[in-house]
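In case you want the letters, here they are:
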Amino acid sequence: NAGVTQTPKFQVLKTGQSMTLQCAQDMNHEYMSWYRQDPGMGLRLIHYSVGAGITDQGEVPNGYNVSRSTTEDFPLRLLSAAPSQTSVYFCASRGEGAGNYGYTFGSGTRLTVV
Amino acid sequence: GDSVTQMEGPVTLSEEAFLTINCTYTATGYPSLFWYVQYPGEGLQLLLKATKADDKGSNKGFEATYRKETTSFHLEKGSVQVSDSAVYFCAPQGGSYIPTFGRGTSLIVHP
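The rules behind the values
- Sequence order as written defines the numbering, with residues in each chain counted from 1.
- As they are written, the chains are lettered A onward and the ligands numbered 1 onward, keeping that order.
- Owing to the predicted nature of the model, reporting of local features is limited to residues with pLDDT of at least 70; listing and counting of side-chain atom pairs is limited to 80 or more, with chain, interface and lining totals taken over all residues.
- Only heavy atoms go into the side-chain values, all of them from the structure, while hydrogens and water stay out.
- The rule for pairing is simple: two strands pair if DSSP sees at least two bridges between them.
- Numbering of helices and strands runs from the N terminus; a helix is a DSSP stretch of H or I covering at least four residues, while a strand is a stretch of E covering at least two.
- Angles here are taken between N-to-C directions and fall from 0 to 180 degrees, while the axes themselves are lines fitted to C-alpha atoms, restricted in helices to the stretch in contact.
- Here, a salt bridge means any side-chain nitrogen of Lys or Arg that lies within 4 Å of a carboxyl oxygen of Asp or Glu.
- Partly exposed residues are those whose accessible area sits between 20% and 50% of the maximum for their type, while under 20% is buried and over 50% is exposed, using a 1.4 Å probe and protein chains only.
- In what follows, a contact means two residues having at least one pair of non-hydrogen atoms within 4.5 Å.
- Defined in terms of a 1.4 Å probe, buried area is the accessible area two parts forfeit on being brought together, summed over both.
- Contacts described as polar in this section are N or O atom pairs within 3.5 Å, which, within protein, must combine one atom able to donate a hydrogen with one able to accept it, while residues neighboring in sequence count only if both atoms come from side chains.
- Counting rule for disulfides: a pair of cysteine sulfur atoms within 2.5 Å.

(A) Spatial organisation of the sheet that holds strand S7 (residues 64-66) of chain A. Residues and elements named next belong to chain A. If you trace the four strands from one edge of the open sheet to the other, you get S1-S3-S8-S7, paired in antiparallel fashion. Strands with a single pairing partner mark the edges of an open sheet, and in this sheet they are strand S1 (4-7) and S7. Along the sheet, successive strands turn relative to each other by an average axial angle of 20 degrees, direction set aside.

(B) Spotlight on the pattern of salt bridges. Under the definition given, this model contains six salt bridges over all chains. The partner of Lys52(B) in a salt bridge is Asp55(B), and the shortest N-O contact between them spans 3.4 Å. Residue classification places Lys52(B) among the partly exposed positions, given a relative accessible area of 47%. One salt bridge in this structure joins Lys56(B) and Glu63(B), with 3.6 Å as the shortest N-O distance. Through salt bridges with shared partners, a single network forms among Arg36(A), Asp38(A) and Arg44(A).

(C) Inspection of the interface of chain A and chain B at higher detail. Taken residue by residue, the interface counts 22 residues in chain A and 20 residues in chain B. Interface area, chain A with chain B, both sides summed: about 1,600 Å², of which 58% is carbon and sulfur. At the junction of chain A and chain B, the tally comes to zero salt bridges. Linking chain A with chain B are four residue pairs in polar contact (both at pLDDT 80 or more). Mapped by element, the contributors of at least two residues to the side of chain A that touches chain B are strand S4 (31-38), strand S5 (42-51) and strand S9 (87-94) of chain A.

(D) View of the state of the cysteines. Within this structure, the stated rule accounts for two disulfides over all chains. A sulfur-sulfur separation of 1.9 Å characterises the disulfide bridge that pairs Cys23(A) with Cys91(A). Note on the Cys23(A) and Cys91(A) pair: the S-S dihedral is about -70 degrees, so by sign convention the disulfide is left-handed. Separated by 68 residues along the polypeptide, Cys23(A) in strand S3 (residues 19-25) and Cys91(A) in strand S9 bring together distant segments of the chain. Taking relative accessible area as the criterion, Cys23(A) reaches 1% and is therefore assigned buried. Each sulfur of the disulfide joining Cys23(B) and Cys90(B) lies 2.0 Å from the other. Measuring the twist about the S-S bond at about -65 degrees, one finds the Cys23(B)-Cys90(B) disulfide to be left-handed. On the criterion of sequence distance, the pair formed by Cys23(B) in strand S4 (residues 23-26) and Cys90(B) in strand S10 (residues 86-93) is long-range, its members being 67 residues apart.

In structure tokens, the structure reads:
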């Protein structure tokens, strides 16, 4: 089915380890974003991209890197995991055009850093 | 920057009760307005949208009207079901095409 695919669904890391959260969409969407969701905090934007080769920081970018080499993929890298990065991470995408397009979300990656 | 205020939850209702979840926002320009729903263990799903003043978005029995004069986009449903139990997010989306999400309102519907 068309949509946004996130892998893995669950991950446990030790402090200081690195990993990449994968996100892929098959809808030819230009806009892609990464959010983290924490209890009582809603969704906070980490990084976003408006097209291949273009990325920008969101509200909480520290500790995370992104790249956008293709339209389909938008991986999120944690270079040195910290317990504060324990969260649920969502990737989302939307098509280009008028601002009345909503976003399609992936099912999330639940990350625990111990 | 843009901001959203949603009513605190959880909102607890009996099946077939009337639902209102309040949402007010501040935004530059003239944003499009969205409601998203998140069922347990899942990602957010677009529920409905409105793109200009007095527009009414609707889907699955839910409705919300774009009120420019009060910068509000309250979500309503005439008769809730147990299956509507979820977290609801209000999200204005302006010219940057990046939505601003509220903290979400949890809805619990009892049989």
